[in-house]
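The lines below spell out each chain.
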Amino acid sequence: MKKNVIEVKNLEKYYEVSGGFFSRNKDIVKAVDDISFEIPFGESLGLVGQSGCGKTTTARALCLLDPKTGGDVKFYNNETENMQNIDNLEDEELKKFRRNIQMIFQDPYESLNPRWTIKDIILEPLNIHNIGDLQDREEAVVEILKTVGLTPASNYLPRYPHELSGGQRQRVSIARTLIMKPKFVVCDEPTSMLDVSIRISIMDLMLNLAKDLEVSYLYITHDLAVARYMCNRIAVMFNGKIVEIAETEELLNNPIHPYTKRLISSIPVPDPSYDRKVYDVNYDELDAIIAKHGTDNPMVDIGNEHYISTHDVKGLI
Amino acid sequence: MNENIEQDLQKQLRKEAIRRNWNLFRQSKLGMIGLYIVIFFLFLALLQPFLFITGIWNKGVYDPVVGYEAIKDTLLVVECPKEYPTEKYESMKDCPGPGELNVKRLYLAPGVEVGDYYETFIQPAPPSSRHLLGTDSLGRDVFSQIMEGSQVAFVLGLLSATLGVGISTILGTIAAFFGGRVDAYLMRQSDLILMLPSLPLLFIISAFAELKVWHLAIVLGVLGGLGGSVITIKSQALQVKVKPFVDSARITGGSRWRIMFSHVLPNVAPLALLFMVFSVTGAIASESVLSFLGLLNIDMSWGIMIYLSQTDGFIFSGLEFWWLILPAGLAVTLLAGGFYLVGRGLDDVFNPRLRKR
C-alpha cells in the first residue's frame with residue numbers, strides 16, 4: 001500500500017457572478033467541480049487541460065491561496081503519520097503544513113520580488129519559519145543554489161532578479177521552493193514561459209530533485225509531452241472536471257474519453273512522414289461505459305487504475 | 001574569502017544600478033533643469049549660515065529679520081510747482097527729479113529751506129555692491145532674506161512631503177490589503193479631503209491656531225497624506241498584491257504584515273517618492289500664498305517678503321522697486337517648478353512604460 005502525500009476528495013470551487021449592481025440574477029461559475037485524486041509519496045501527477053479548465057484554480061485551492069467552496073483536502077502529517085484535513089488548521093499545524101507544501105509559478109519574471117536580492121528571496125522561507133541561525137541559513141542558501149546549478153553562489157547572491165535570465169530565475173524559484181524540503185510541490189506550468197532550449201534542463205533538474213529529496217509534484221501543464229516527461233500519472237481536466245485519469249503510458253496509448261482523444265490528436269509531431277493515429281470525437285465508447293457502470297459514480301474504473309468520468313460532455317467538446 | 005567576493009560584487013552591482021538610474025535621469029532634459037534649480041537654491045540656503053559663521057557677513061547688517069543698513073544720500077530740497085508743465089518739469093511725475101526732495105515731505109524737519117541740501121537715508125535702497133539685491137523698506141538685505149526664505153522652503157517642503165507621503169503610503173497599502181470597511185472608510189475620507197478647498201481650510205486653521213513653519217508642515221503633510229495620493233498608492237498596491245511573488249510568500253506562511261511591509265511597500269516606494277517630489281511644489285506654493293495673506297507666524301520667507309512689499313505699498317508701483325517683488329516671486333516660482341521638473345525626470349526613471357528604448 002502506497003502512502004499518499006495528498007488526497008483530494010470532491011474538491012469544488014464555485015464563483016458567484018452577479019449581473020451587476022441592479023441585477024438580481026446570480027450565475028454560478030463552476031471553476032472546479034467535484035474533482036478527486038491522490039498523489040503518493042515521490043510520485044507526480046500531471047494535470048492537463050486547455051486554458052480556463054480549472055487547473056490553476058485547483059492548485060490555488062490546494063495551497064490555501066483561495067478558499068475552496070466544497071470538498072476535502074487531506075495532507076500527510078509527519079508526526080501522527082495520518083492524513084489530516086487541511087481545513088481549520090490551528091496556527092502551529094498550519095505552519096507545519098506550509099512547510100511541506102510549496103508552489104512554483106509560471107512566470108519567472110513576476111514570481112520573484114524585483115526589489116529583493118536573490119539571497120533575500122531564497123532566505124525568506126527560512127526567515128518566516130525561523131529555521132536555524134543566520135549562518136545555517138546562509139549555508140543552506142549556498143547549498144541549494146549549488147543544487148539547482150547556479151554556481152558559484154557568491155556570483156548570484158547579491159544580484160537582483162532582473163539581472164538574471166528567464167532560466168536562471170526559474171532556477172531561483174525552484175531553489176526557493178525546495179529550501180524548506182517540502183513533501184509536495186505544486187508546479188503551475190513552470191516551463192511554459194521558458195525557451196525550448198532551457199525547458200528540458202529545468203525539467204531534468206526538477207526530476208532529479210524529486211528523486212533526491214522525495215518530493216511529489218502536482219504538475220500543471222497544457223502540454224501532454226511535458227506531462228509525459230515529468231509525471232507518473234496524468235489527469236485530464238475539462239470544464240472544471242477530471243474526465244480521465246490513468247498511468248501516463250496507459251492514458252496516452254489507450255485514451256477512452258473523447259476529450260483526451262482530441263487532446264492527444266492535437267499534439268504536433270515534428271516528423272511529417274510519421275503517420276500517427278488521429279482520433280475522431282466519438283461518444284459511443286463513452287456511452288457504452290456509462291451504460292455499463294451507470295451514472296451513479298462520477299468516476300468509473302475500467303481496469304489498470306484507469307478512471308473515466310461519466311459526466312455528460314456531449315456537445316461541449 | 002567567499003564573503004569578500006560577495007560583498008565586493010554587491011558594492012559593484014549597487015554602483016552599477018546607481019549609474020544606470022543616473023544615466024536614465026540624465027537623459028531627461030527637464031529633470032536636469034529642475035535638478036540644477038533645486039541645487040542652486042540648496043546652495044543659497046546653505047550659503048547664508050556659512051557667511052555668518054565665517055564672519056564675511058555681519059549679523060547686525062545682514063540678518064534677514066533684524067539687520068539694518070541704510071544708504072546715506074544727500075538730496076537737494078526743491079518745491080514742486082502747482083501747475084505743469086513748467087520749464088523744469090514736464091508733468092507731476094518728474095517732480096522731484098533724481099537727487100531731489102520735495103520740501104512738503106520735510107514738514108517734520110522744520111528749518112530746512114528750498115535750495116538746501118538735506119542728508120537722508122534711502123529705504124528701500126536699490127541693488128549695490130554691498131547689497132546685491134538691495135534692501136527692503138526697513139533697511140534689511142533682500143539677498144539674505146531670499147537665502148533665509150529658501151531655508152524655510154526646503155524645511156517646509158521636504159518635511160510636509162515626507163510626512164504626507166509616509167501617511168499616504170501606509171494608508172494606501174492598508175486599504176489595498178484589508179479591503180472591506182477599512183478600504184471604504186479610507187477612500188471616503190480621501191474623497192472628503194479632496195473635495196475640501198484647502199486654502200479656505202488653512203485660513204480657518206490659522207484663525208484658530210498659531211501657524212509656524214513646523215505646524216504648517218504638519219498640517220500640509222497630513223492634508224496631502226490623507227488626500228488623493230492614498231487612492232493612487234492604493235491602486236498601485238492592489239497591482240502588486242496580486243503578483244505571484246506575493247502568493248509565493250503567502251504559501252510559505254508569511255503573515256499579512258510581513259507581506260505588506262516587505263513585499264508590497266518596497267514595490268510601491270518609487271511611486272511614493274515621485275509623489276513626494278511633486279508635493280514639495282504644493283507645499284512651497286501654499287506657504288507663499290498663506291504668508292502673502294499674512295496668516296502665518298513666520299519671521300521671514302518668500303511669501304512674507306512679497307507680503308511686506310505689498311503692505312508697504314511697493315507692489316503696485318510698477319518695476320521701480322523691482323528688487324522687493326521679483327526676486328521673491330521668482331524664487332517661489334523657480335523652486336516649486338524645479339521640484340516639479342525633478343519629479344518629471346524621476347518619472348522617466350521609475351515608470352518603465354515611459355522609458356525611451
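To start, this report covers the structure provided alongside it. (Residues numbered from 1 in each chain as written. Chains lettered and ligands numbered in written order. Predicted model: local features only at pLDDT ≥ 70, side-chain atom pairs only at ≥ 80, totals over all residues. Heavy atoms only, no water.)

Looking now at the overall build of chain B. Looking only at helices and strands, chain B has 12 helices and 3 strands in total. Relative to a compact globule of 357 residues, whose C-alpha radius of gyration would be 21 Å, chain B shows 28 Å and is clearly more extended. In terms of its C-alpha atoms, chain B occupies a principal-axis envelope of roughly 95 × 55 × 40 Å. Relative to its 357 residues, chain B shows a buried fraction of 45%. Counting contacts in chain B only where the partners sit at least 6 residues apart, residues at least 24 apart contribute 69% of the total. On chain B, roughly 19500 Å² of surface is accessible, and the fraction owed to carbon and sulfur atoms is 63%. If you average the places of the 30 positive and of the 29 negative side-chain charges in chain B, the two averages end up 19 Å apart. (Helix = DSSP H or I, 4+ residues; strand = E, 2+ residues; numbered from the N terminus. Rg over C-alpha atoms; globule rule 2.2 N^0.38 Å. Buried < 20%, exposed > 50% of the residue type's maximum accessible area, 1.4 Å probe, protein only. Contact = heavy atoms within 4.5 Å. Areas by Shrake-Rupley, 256 points an atom, 1.4 Å probe, with all protein chains shown as cover. Lys, Arg positive; Asp, Glu negative; His and termini not counted. Charge placed at Lys NZ, Arg CZ, Asp CG, Glu CD.)

Attention now goes to a nonpolar patch on the surface. Residue and element names in this part refer to chain B. On the surface, Leu199, Phe203, Ile204, Phe208, Val289, Phe292 and Leu293 cluster together into a nonpolar patch covering about 630 Å² of accessible area. Elements that contribute at least two residues to the nonpolar patch include exactly helix H6 (198-208) and helix H10 (256-292). Among the elements that line the nonpolar patch, the one with the most residues is H6, at 4 residues. Tracing the backbone through its elements, the reader meets Phe203 in helix H6. When its relative accessible area of 34% is taken as the criterion, Phe203 is described as partly exposed. (Patch = residues over 30% accessible without salt bridge, like charges linked within 9 Å, V, L, I, M, F, W, Y side chains within 5 Å. Salt bridge = Lys/Arg side-chain N within 4 Å of Asp/Glu carboxyl O.)

With 31 residues of chain A at the contact, the number on the chain B side is 25 residues. Our count for the chain A to chain B interface comes out at 3 salt bridges. Here Arg60 of chain A ties to Asp247 of chain B by a salt bridge, and the two come within 2.8 Å at their closest N and O atoms. Where chain A touches chain B, the interface holds 11 residue pairs in polar contact (both at pLDDT 80 or more). Residue assignment for the side of chain A that touches chain B shows that the elements contributing at least two residues are strand S6 (101-104), helix H3 (118-129) and helix H5 (153-156) of chain A. Here the element with the most residues in the side of chain A that touches chain B is H3 of chain A; it accounts for 6 residues. A class-by-class count of the residues in the side of chain A that touches chain B yields 13 nonpolar, 8 polar and 10 charged. (Polar contact = N/O pair within 3.5 Å; in protein donor to acceptor, adjacent residues only side chain to side chain. Nonpolar A, V, L, I, M, F, W, Y, C, P; charged D, E, K, R; others polar.)

Across all of its chains, the model carries 17 salt bridges over all chains by this definition. A salt bridge links Asp87 of chain A to Lys68 of chain A; the shortest N-O distance between them is 2.3 Å. In this pair, Asp87 of chain A sits in the loop between strand S5 (83-85) and helix H2 (91-100) while Lys68 of chain A sits in the loop between helix H1 (55-62) and strand S4 (70-76), placing the two residues 19 residues apart along the sequence. By relative accessible area, Lys68 of chain A is classed as buried at 18%. The shortest N-O distance in the salt bridge between Arg130 of chain B and Glu69 of chain B comes to 2.7 Å. Of this pair, Arg130 of chain B sits in the loop between strand S3 (117-122) and helix H4 (142-178) while Glu69 of chain B sits in the loop between helix H3 (59-62) and strand S1 (71-78), and the two are 61 residues apart along the sequence. Here the salt bridges do not stand alone but share partners, grouping Arg60 and Asp66 of chain A together with Asp247 and Arg250 of chain B into one network.

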